[in-house]
Amino acid sequence: LFIKGTRLRAELIADEMEWGEPDNPVTAEEIAAYRNLPVEAVREAIAYCESNPPEIEEDHRRDREHMQELGVIDAEGNYLRGTLPYPYPERPSEK
C-alpha cells in the first residue's frame, strides 16, 4: 500500500526507521522532512507496517512470482547471476 498522493510504499517509509544507529535512531519527523511528507502520514505508515498486515505479505508474494516469471530469481528466491528482466538500454554513444 502507498502513502496517499505519492508513489511511496508504506513499507519503504517504515524501513527508513532503520537508517539510524541504536543510540541515535531516525525519527518520524526526520523521515517526514526528508520525504517532504506530513509527520502524521509517516507515523501512520509505520504503524500500518508494524501491525503486520496480510496485504504486505501478499505484495511480497506477487513480487517474487513476477521476478521468477522474468527469470531474475529461482523458486527459493535466490537471484540468478547474469539475468535481468530486460536488456540494458543502449547509450547514445553506442548507437
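See the structure shown above.
What counts, and at which threshold
Residues numbered from 1 in each chain as written. Predicted model: local features only at pLDDT ≥ 70, side-chain atom pairs only at ≥ 80, totals over all residues. Heavy atoms only, no water. Helix = DSSP H or I, 4+ residues; strand = E, 2+ residues; numbered from the N terminus. Buried < 20%, exposed > 50% of the residue type's maximum accessible area, 1.4 Å probe, protein only. Areas by Shrake-Rupley, 256 points an atom, 1.4 Å probe, with all protein chains shown as cover. Expected span 1.5 Å × (residues − 1). Arc of directions from axis to C-beta. Core = buried A, V, L, I, M, F, W, Y, C linked by side-chain atoms within 4.5 Å. Contact = heavy atoms within 4.5 Å. Salt bridge = Lys/Arg side-chain N within 4 Å of Asp/Glu carboxyl O.

(A) Spatial organisation of the overall build of the chain. Check the secondary structure of the chain and you find 4 helices and 0 strands. Starting at the N terminus and ending at the C terminus, the chain contains elements arranged as α-α-α-α. Burial analysis of the chain (95 residues in total) assigns 21% to the buried set. Summing over all exposed atoms, the chain offers an accessible surface of approximately 7,700 Å²; the carbon and sulfur share of this is 52%.

(B) Seen up close, helix α3 (residues 39-50). Taking 1.5 Å per residue, 12 residues should reach 16 Å; α3 reaches 17 Å between its end C-alpha atoms and fits that length. Every buried residue of α3 is listed here: V42, A45, I46 and C49. The buried residues of α3 all sit within an arc of 95° when viewed along its axis, so they share a single face. Across α3 from its buried face, at more than 90 degrees, point the exposed residues E40 and E44. Once α3 finishes, N52 follows within two positions and takes phi at roughly 55°, a positive value.

(C) Quick peek at the nonpolar core. Counting residues in each nonpolar core, the largest one holds 15 residues, and the members touching the most others are I13, L37 and V42. Counting only elements with at least two residues in this core, the list comes to α1 (10-15), α2 (28-35) and α3. The element best represented in this core is α3, accounting for 4 residues. With sequence-adjacent residues up to four places away left out, V42 is seen in contact with I13, A28, I31, A32 and L37.

(D) Broad picture of helix α4 (residues 54-69). Helix length check: α4, at 16 residues, gives a terminal C-alpha distance of 23 Å against a target of 22 Å (1.5 Å per residue), a fit within 8%. Positioned one or two residues after α4, G71 has a phi angle of 80°, which is positive.

(E) The pattern of salt bridges, seen in detail. Summed over all chains, the structure comprises 8 salt bridges. Among the salt bridges present, the one from R62 reaches E58, with a minimum N-O distance of 3.5 Å. Linking R62 with E58, this pair stays in helix α4, spanning 4 residues, or about one helical turn. Through salt bridges that share partners, E58, D59, R61, R62 and E65 make up one connected network.

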